Structure formats: C-alpha cells, structure tokens
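# An overview of the molecular structure
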Amino acid sequence: MKVTRHRDRILEALREWFRVHKEGPTLEELCLELGMQPRQKATLQRWLQTMRGIDVEWEDNAARSLRLRASDPEVEPKLQISVPETLRYLATGLAEWEKQEPIKRSEIIPHALRIGMSRMHLTSLLQGDETAPSNLPAFFDWAKNPVVEWKSAAEMKHLSPDVTLIEDGLLSDFALQWQVTGTDVEMQVQEKILQDVVEHCRVHQLDDPYRAFRKLIIERPVLPYPEYRRLLSSTQLRPLREFLLQTYIDLVDLAEENSYHFCPRCKYVMRRRQDKTYGCRNMSCERESAKLPLPPLTPIPKHEAENWKVVTPGVHRYGTIPGLWEIQLAETLTKLGIRVTLWPEIDEFDLLVEFSKKIRWAIDVKDWSYLDEERLQKVQYRNDMTETFVVFPSEREEVLRIKVVRQQIEPKLGGVRLMLMSEIISQAKQILKKKTHA
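Numbering of residues begins from 1 in every chain and follows the order in which that chain's sequence is written. Confidence filtering applies because this is a predicted model: local features only for residues at pLDDT of at least 70, side-chain atom pairs given and counted only at 80 or more, and all residues used for totals across whole chains, interfaces and linings. Neither water nor hydrogens contribute to the side-chain values; these are computed over all heavy atoms in the structure.

Another aspect to go through is the overall build of the protein chain. Under the scheme used here, helices are H or I runs from DSSP no shorter than 4 residues and strands are E runs no shorter than 2 residues, and both carry numbers assigned from the N terminus. Helix and strand counts for the protein chain come out as 19 helices and 16 strands. Reported as C-alpha extents along the three principal axes, the dimensions of the protein chain are approximately 75 × 65 × 50 Å. Within the protein chain, the fraction of its 438 residues that count as buried is 49%. The long-range share in the protein chain, meaning contacts at least 24 apart out of those at least 6 apart in sequence, stands at 61%. Method for areas: the Shrake-Rupley scheme with a 1.4 Å probe, in which residue coverage is limited to the protein chains shown. When the accessible area of the protein chain is evaluated, it comes to approximately 24100 Å², of which 49% is carbon and sulfur surface. When a residue's accessible area, from a 1.4 Å probe over protein chains only, is under 20% of the maximum for its type it is buried; when over 50% it is exposed; and in between it is partly exposed. Pairs of residues are marked as contacts when any of their non-hydrogen atoms sit within 4.5 Å.

Here's what the structure looks like:
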C-alpha cells in the first residue's frame, strides 16, 4: 500500500469535515482545512492521487464527490464524553443527596446525580463492553469501589488507585474536592474546565499556550468550523487541544433557532425573548452593550449554523465576560505607552503593569455584582510589586460603592487596594506625567 507522509493529516481533516458536512470539500476548502494556501491545490491533488482507491475516492469531473472509503474504520469519529465532568456531576449529586433528610433520599434524586448517571450510562453504551449502574442501589455499590476500576477513568492521569466516591458510608474526601457549588450545576461544571487548564499549564509551564487560550475564549467565543480546526492544530494551541475540544461545542447543540444572533459586545449567541427580540445571555453585558454605540453583528441562518462552534455557557459566563474587562484595561494602559502583560505566571493575577523596574503593579480585575469580603481576602499582596490592586469596572460603582466602603475594607486586606478602572487609569497617567517631567 502506497502511503504519503501527509496521509494522516489529510484523513484527519476529511473525518472532521464529514462530521459537519454531507458533501465532500473542494480542493480549495481542503487546503484551508490543512492550513495550506489555495494555490497549493495542485500539490494536494497529487497527494490525494496516491491515496485514491485506498483511503479516498471521487468521481472524475464531479464537484464535491471526494469521499472516504467505507473500509476506513475511523470514518465515524467516536462521541467523547468528558470523564472529569461526569465525576463532577456525580460528586456534586452525592453531596446534595447526603444533605437531604434520610426519609426523602429515596424520593428525590438530585439533578446533578441524574446527569452524572446518564453520562455514565451513555459512556458504557458507546464503549459496548462495560455496564454502568442503572439504579441508585447499583450506583451506591459502584461508588464504594476505587474510581480507577471504571475503565473510562483510564484517561485521567495521576489518579490514586485507592480513591472512591463513598467511603465508610459517607462522601469521600475525593468526592468533596470534586463537587461544585452554585445554583446552576451545569454551568459550574463547565467553569471547572478553566481551572483544569490553569493547573495543566502550570504543571507543564505552558505560559504562551495559556495566554492564547484565554484570549481566544474572550475574543472569539464563536468560531467558524474551519478556523476552529486550524486552531486545534496550531503550534500555540496544540498542547491544549483536549481542553479546546471540551470548551467549544456545536452551535446547534447550544440552541435551536431559525436565525442565530450575536451580542455586539461579547459576540456570544443571544437568547430570544418572548417578544421575539434578542438579548445577551448575560444581563450585565447587555446593560453595557446598551451604553455603547456598537453596530449589530451579522446573524447566521439556520442552514449555516452546523458549521459554527461556540464556547459552553459556563465558559462564556466565567471566562469570556470577565475577560472583556481585563483585555479592555490592558489595551487602555498599553495605548498610554505602559508595558502590560496579561495573566502573568500563568494567571497568578490578571495584569502585570510595568512603568519601570522600580514601579510595577499587580492587578486583579473583578466584575462583581456585590463586594464579597471573604473572596477579597484571598487576593495575595505581592511583595515583589510596588502595588497590588483589585480593580472593578467603573460602571459598577453605583452598586459596589467602592469609594465609600474601601476605607473600611482595605485595612483587612494586608496591603491590597481597591480601585475603579477610571481611577487606575488616572493614577497611571500621573506616574507617566511625573516621569516625563523628570
């Protein structure tokens, strides 16, 4: 069998193409999928000729007839269900179940536990050689066994062979660490992917890939499929490929619309209201968008929607929305001529602002609807910096009243100062002015 060194790349690109499209790609489109220039289609055609009759086939002089041969065992890619996400649902559901009165436990199964068990069942169906527990008694028996005995957990590295979800009739320490809290469990579970990315990048010292990942989910929460494919294979983001696969989902899986509209500020898919108008899925973003003279974005019709990817709602809420303020502040300070680094030391804080070797600021940007003193106290004062700031959007001042309450709160924060964005920009301008006069 004659095989070119490009075979695997071409096959992977074609499998992903047919996952979305019914018809085959043109040579120009396949070039795009492979990261090649359209002018290289003659080269691509020569490569395809070496695979014809073995891996691919087409009809001469017939448009879009390129197809994978049925003998290819990987034509239909397997549906992937994230095991860490499943474990988070199970751990959260167990925690909620444990809090219930014993008499009600058999009557009310927590929503998170239902989701987790359904995901386990679907995983076992896809694998075909393992049976998931189908009822609560069977599940509780399963939960007493080491998690590593679940075949699907083999993808998780560094998992101790001793950990279980239930230990001595109670929720185990492992389960307590994996549970999420909040009113929207699904969104909280989706948020955890952001924490997983941080931990992975810190372990492997992936500073530039992490920064590229963060900027991507903030600036491009919606992506055309060919661009998404290129990003998965790009040098910078390839180390985070598995996380990107969990972060972006198909647009048609997020919502079913005749026409998809996008928020002009955050660029995410808007929700249709009862009056048939559209609004951002995040209320604070919608309010900010209303204040800005932003032109509407071009909607996507239903027949094109299958060619688009979007970040999950949890990533949008906890990654995209707060990230807009971080990038806005960074860009404003950079335009003043200040050196700004986003998410330094793999997100130890949000902005490193450097006026000189002697004047350096550490900034954490918080887009909060209320002041949470307990969370503020977790911000560490940086001894290697001139100042450590927690900065809030100026638009939040009416609700947060930073100028009023910081005198009472700051003494408890060990040197960390609370500021509004307008104040931090003004202070930066004063420092620059002094440097100029000096």
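Right, let's get into the layout of surface pockets. Cavity means a closed set of points on a 1 Å grid over the protein atoms alone, one where a 1.4 Å probe fits but cannot get out, pocket means an open set with protein on both sides within 12 Å along at least 5 of 7 lines, and lining means a residue has an atom within 4 Å of a point. Grid points are joined across faces, edges and corners, and a volume is the space filled by probe spheres set on the points. Empty space within the second largest pocket amounts to approximately 1800 Å³. E191, Q195, K366, W368 and R375 are the residues nearest the centre of the second largest pocket, which is lined by 49 residues in total. Where the lining of the second largest pocket is concerned, the elements lending two or more residues are α8 (185-204), α9 (207-219), α13 (283-291), α14 (313-335), β14 (360-365) and α16 (373-376). All residues other than Ala, Val, Leu, Ile, Met, Phe, Trp, Tyr, Cys, Pro, Asp, Glu, Lys and Arg, Gly among them, are scored as polar; the first ten of these are nonpolar and the last four charged. For the lining of the second largest pocket, the per-class residue count stands at 18 nonpolar, 11 polar and 20 charged.

In this section: the pattern of salt bridges. In the sections that follow, a salt bridge refers to a side-chain nitrogen of Lys or Arg positioned within 4 Å of a carboxyl oxygen of Asp or Glu. Within the structure shown, the criterion is met by 29 salt bridges. With its nearest N and O atoms 3.9 Å apart, the salt bridge here joins K144 to D141. A salt bridge links E288 to K291, with the nearest nitrogen and oxygen atoms 3.4 Å apart. Residue E288 and its partner K291 are located together in helix α13, separated by three residues, close to a single helical turn. Looking at E288, the relative accessible area reads 13%, which means it is buried. Connected through salt bridges with shared partners, the residues E12, E16, R229 and R241 form a single ionic network.

What follows is about the packing of helix α1 (residues 7-20) against helix α3 (residues 41-51). To get an axis, a line is fitted to the C-alpha atoms, and for a helix only the part in contact is used. The angle between two axes follows their N-to-C directions and goes from 0 to 180 degrees. Interhelical geometry of α1 versus α3 gives an angle of 95° and a closest axis separation of 11 Å. In terms of orientation, α1 lies roughly perpendicular with respect to α3. Contact with α1, carried on its side by R7, I10 and L11, involves L44, W47, L48 and M51 of α3 and no other residues of that element. Among the residues making up the contact of α1 with α3, the classes are represented as six nonpolar, no polar and one charged. The cut-offs work like this: below 35 degrees is roughly parallel, past 145 is roughly antiparallel, 65 to 115 is roughly perpendicular, and the gaps in between are oblique.

Our next topic: the pairing of strand β13 (residues 351-354). Residues L351 and V353 point to one face of β13 and L352 and E354 to the other, with burial holding for every one of them. Pairing between two strands requires that DSSP report at least two bridges joining them. As judged from the four bridges shared by strand β12 (residues 339-342) and β13, these two strands associate in the antiparallel manner. Bridge pairing in β13 links V340 to V353. Bridge count for β13 against β14 is four bridges, and the pairing is antiparallel. Counted as the bridge partner of E354 is R360 from β14.

Here the focus is the sheet that holds β13. If you trace the five strands from one edge of the open sheet to the other, you get β12-β13-β14-β15-β16, paired in mixed fashion. The sheet terminates laterally at β12 and β16 (417-420), the two strands that pair on one side only. Going from strand to strand, the sheet's axes swing by 30° on average, the running direction of each strand aside. Its contacts with the sheet place α14 against β12, β13, β14 and β15 (387-392), and it is angled at close to 160° to β12. Strands in contact with helix α18 (residues 402-409) are β15 and β16; relative to β16, the strand with the most contacts, it is inclined by about 175°.

Let's shift gears to the packing of aromatic side chains. The aromatic pairing rule takes the rings of Phe, Tyr and Trp, using the six-membered ring of Trp, and pairs them if the centres are within 6.5 Å, calling planes under 30 degrees apart stacked, those over 60 edge-to-face and the rest tilted. Overall, the coordinates contain nine aromatic pairs when judged by the stated rule. Plain terms: the ring middles of F139 and F140 are 5.8 Å apart, the flat faces sit at 65° to each other, and that makes the pair edge-to-face. Each member of the pair, F139 as well as F140, carries the same accessibility label: buried. Consider the rings of W368 and F392, whose centres lie 5.9 Å apart with planes at 65°: the pair is edge-to-face. Residue W368 is found in the loop between β14 and α16, and its partner F392 is found in strand β15; the two are separated by 24 residues along the sequence. You can call W368 buried: its relative accessible area is 8%. The rings of W97, F139, F140, W142 and W150 are connected pair by pair, giving a single aromatic cluster.

By definition, disulfides here are pairs of cysteine sulfur atoms that lie within 2.5 Å. What the rule picks out here adds up to zero disulfides. Cysteine C263 remains unbridged, with the sulfur of C285 as its closest cysteine sulfur at 3.7 Å. Using a relative accessible area of 1% as the deciding quantity, one classes C263 as buried.

Structurally, D250 can be placed in strand β6 (residues 248-250). With relative accessibility at 17%, the residue D250 sits in the buried group. Polar contacts involving the side chain of D250 include one to the side chain of K309, which spans 2.8 Å. With near-sequence residues (within four places) excluded, D250 lies in contact with R19, W308, K309 and V310. Here a polar contact means two N or O atoms within 3.5 Å. Within protein one must be a hydrogen donor candidate and the other an acceptor candidate, and residues neighboring in sequence count only if both atoms are side-chain atoms.

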